[in-house]
Amino acid sequence: MFTGSMVALVTPMDSTGSVDRASLKKLVDYHVASGTAAIVSVGTTGESATLNHSEHVDVVKMTLELADGRIPVIAGTGANATAEAILLTEHFNGTGVVGCLSVTPYYNKPTQEGLFQHFKAIAEHTDLPQILYNVPGRTGCDMLPETVARLAEIPNIVALKDATGNLSRVSQTQALVGNDFKLLSGDDATSLDFMHLGGHGVISVTANVAAREMALLCKLAAEGNFAEARGLNQRLMPLHVKLFVEANPIPVKWACYRLGLIAENTLRLPMTPLAQQARPVVEQALTSAGLL
């Protein structure tokens with residue numbers, strides 16, 4: 001199930017900071033029409049850190065409602081306290097989400113044994129498929145391949161989103177897990193190389209604004225057509241890079257606004273809108289990708 005181009009969806013907000021349902025519907029419709037394989041709702045790109053618990057659940061359920069069975073929805077359910085991650089995950093049992101994306105606990109820097117026990121406890125409280133998410137640049141915590149392998153033995157832990165950008169991790173992890181365990185890139189700039197080494201897809205920031213192109217990139221990679229895929233990826237590379245000119249999701253949210261995919265360029269503090277001097281940089285990347 002967890003293959004291809006899956007979008008780490010932004011959470012659109014109106015000028016007051018409330019969730020903008022009309023813009024969310026526009027985004028969902030855009031991804032359905034563009035061939036995106038799945039929507040990840042309220043991950044890091046969806047500003048999970050600044051939504052309260054009830055808002056978090058409401059946005060995922062609203063996304064499910066608007067998707068109306070047309071595209072799978074994965075719920076972001078990570079937390080730095082195991083009990084909180086379990087509670088959040090349990091909210092989505094029986095709702096229709098196809099799985100959960102759970103980030104390694106942030107700030108408190110657990111040991112590898114702590115990571116194993118954290119994700120094992122979550123998995124034991126749900127039948128939903130679990131996608132592990134390793135992004136040490138944001139969390140200060142790096143889950144090693146050996147820990148992933150231990151967790152992959154738990155039946156409903158089915159995939160890993162690896163946002164390290166370290167391509168050696170693909171083969172290291174592959175050597176330790178079963179063939180059914182999915183390896184997903186969480187780093188757009190290296191995602192094609194990740195798939196070339198045997199990865200199964202990407203949970204993408206770039207797909208927020210280049211959904212059709214990222215879906216095609218993953219299709220070409222799955223078919224083994226890497227010559228054509230590299231040409232497309234080269235056109236997207238400025239976008240892969242410049243969407244991180246400031247902390248995610250600041251640039252991609254501005255890019256969505258610039259393309260008319262959302263009505264307002266609103267983020268919640270401490271995130272602030274893209275700086276004026278950075279906007280031409282992102283605009284040029286959109287132009288290079290053929291989106292403007």
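Everything quoted here is computed from the prediction, not taken from an experiment.

Visitor: Kindly report on the side chain of Thr147, identifying the contributing residues and their values.
Guide: Inspection of the secondary structure assignment puts Thr147 in helix α6 (residues 145-152). Here Thr147 falls in the buried class, since its relative accessible area comes to 5%. If we skip the residues at most four places from it in the chain, Thr147 touches Gln112, Leu115 and Phe116.

Visitor: How would you sum up the UniProt feature "site: L-lysine inhibitor binding" (unreviewed entry) in the protein? Please name residues and give values.
Guide: Per the UniProt record, "site: L-lysine inhibitor binding" (unreviewed entry) is found at Ala49, Asn80, Glu84 and Tyr106. For the residues just named, distributed over 58 residues, the greatest C-alpha separation is only 13.2 Å, placing them together at one site. In the annotation above, Ala49, Glu84 and Tyr106 are the residues that line the largest pocket. Mapped onto the secondary structure, Asn80 falls in the loop between β3 (73-76) and α3 (82-90). Sequence-distant contacts of Asn80, defined by excluding residues within four places in its chain, comprise Pro105, Tyr106 and Asn108.

Visitor: Tell me what's going on with the pattern of salt bridges, and back it up with residues and numbers.
Guide: Within this structure, the stated rule accounts for eleven salt bridges. Ionic pairing is found between Lys25 and Asp29, a salt bridge with its closest N-O pair at 2.7 Å. Taken together, the residues span about one helical turn, with Lys25 and Asp29 both in helix α1 (residues 21-34) at a distance of four residues. Residue classification places Asp29 among the partly exposed positions, given a relative accessible area of 25%. In this structure, Glu55 and Arg268 form a salt bridge, with 2.8 Å as the shortest nitrogen-oxygen distance. Of this pair, Glu55 sits in helix α2 (residues 53-67) while Arg268 sits in the loop between α11 (250-258) and α12 (279-288), placing them 213 residues apart in sequence.

Visitor: Hey, could you go over helix α4 (residues 112-123) for me, with residue numbers and the actual values?
Guide: Compared with the 16 Å implied by 1.5 Å per residue over twelve residues, the 17 Å span of α4 between its first and last C-alpha is a close match. What α4 keeps buried is the set Leu115, Phe116, His118, Phe119, Ala121, Ile122 and Ala123. Looking at the buried residues of α4, the elements they touch are α3, β4 (99-103), β5 (130-134), α6 and β6 (157-162).

Visitor: Pulling in residues and values, what's your account of the layout of surface pockets?
Guide: The space that makes up the largest pocket amounts to roughly 560 Å³. As for the largest pocket, its lining consists of 28 residues, and the residues nearest its centre are Gly43, Thr44, Ser48, Ala49 and Tyr106. Split by residue class, the lining of the largest pocket holds 13 nonpolar, twelve polar and three charged. Here the second largest pocket defines a volume of roughly 370 Å³.

Visitor: Before we move on, can you summarise the nonpolar core with the specific residues and values?
Guide: If you look at the biggest cluster of nonpolar residues, it comprises 60 residues, and the most contacted ones within it are Phe92, Leu239 and Leu243. Secondary structure elements with two or more residues in this core: α1, α2, β3, α8 (191-196), α9 (211-222), α10 (226-242), α11 and α12. Ranked by residue count, the leading element in this core is α2, at seven residues. For Phe92, the residues in contact, after removing those within four places along its chain, are Val57, Val60, Lys61, Ala75, Thr77, Val97 and Leu128. Listed in part, the 23 residues of the second largest apolar core include Phe116, Ala123, Ile154 and Val170.

Visitor: Could you give me a rundown of α9, with the residues and numbers involved?
Guide: Taking 1.5 Å as the rise per residue, α9 with twelve residues should run 16 Å; its terminal C-alpha atoms sit 17 Å apart, in good agreement. Tucked inside the fold, the buried residues of α9 contact β1 (4-8), α1, α8, β8 (201-204) and α10. Phi turns positive one or two residues past the end of α9, at Gly224, with a value near 80°.

Visitor: Describe the pairing of β3, and please don't skip the residues or the numbers.
Guide: Of the two faces of β3, the one lined by Val73 and Ala75 and the one lined by Ile74 and Gly76 are each fully buried. Taken together, strand β2 (residues 38-41), α2 and β3 constitute a β-α-β crossover, and its handedness is right-handed. Where β3 and β4 come together, three bridges link them in parallel fashion. Paired with Ala75 across the bridge in β4 is Cys100. With α3 bridging β3 and the parallel β4, this β-α-β connection has right-handed handedness.

Criteria and thresholds
- Residues numbered from 1 in each chain as written.
- Predicted model: local features only at pLDDT ≥ 70, side-chain atom pairs only at ≥ 80, totals over all residues.
- Heavy atoms only, no water.
- Helix = DSSP H or I, 4+ residues; strand = E, 2+ residues; numbered from the N terminus.
- Buried < 20%, exposed > 50% of the residue type's maximum accessible area, 1.4 Å probe, protein only.
- Contact = heavy atoms within 4.5 Å.
- UniProt positions renumbered as here; feature names shortened; annotations may be inferred.
- 1 Å grid on protein atoms, 1.4 Å probe; cavity = no way out; pocket = protein on both sides within 12 Å on 5 of 7 lines; lining within 4 Å.
- Salt bridge = Lys/Arg side-chain N within 4 Å of Asp/Glu carboxyl O.
- Expected span 1.5 Å × (residues − 1).
- Points joined across faces, edges and corners; volume = space filled by probe spheres on them.
- Nonpolar A, V, L, I, M, F, W, Y, C, P; charged D, E, K, R; others polar.
- Core = buried A, V, L, I, M, F, W, Y, C linked by side-chain atoms within 4.5 Å.
- Right-handed = clockwise from strand over helix to strand, strands pointing away.
- Pairing = 2+ DSSP bridges.

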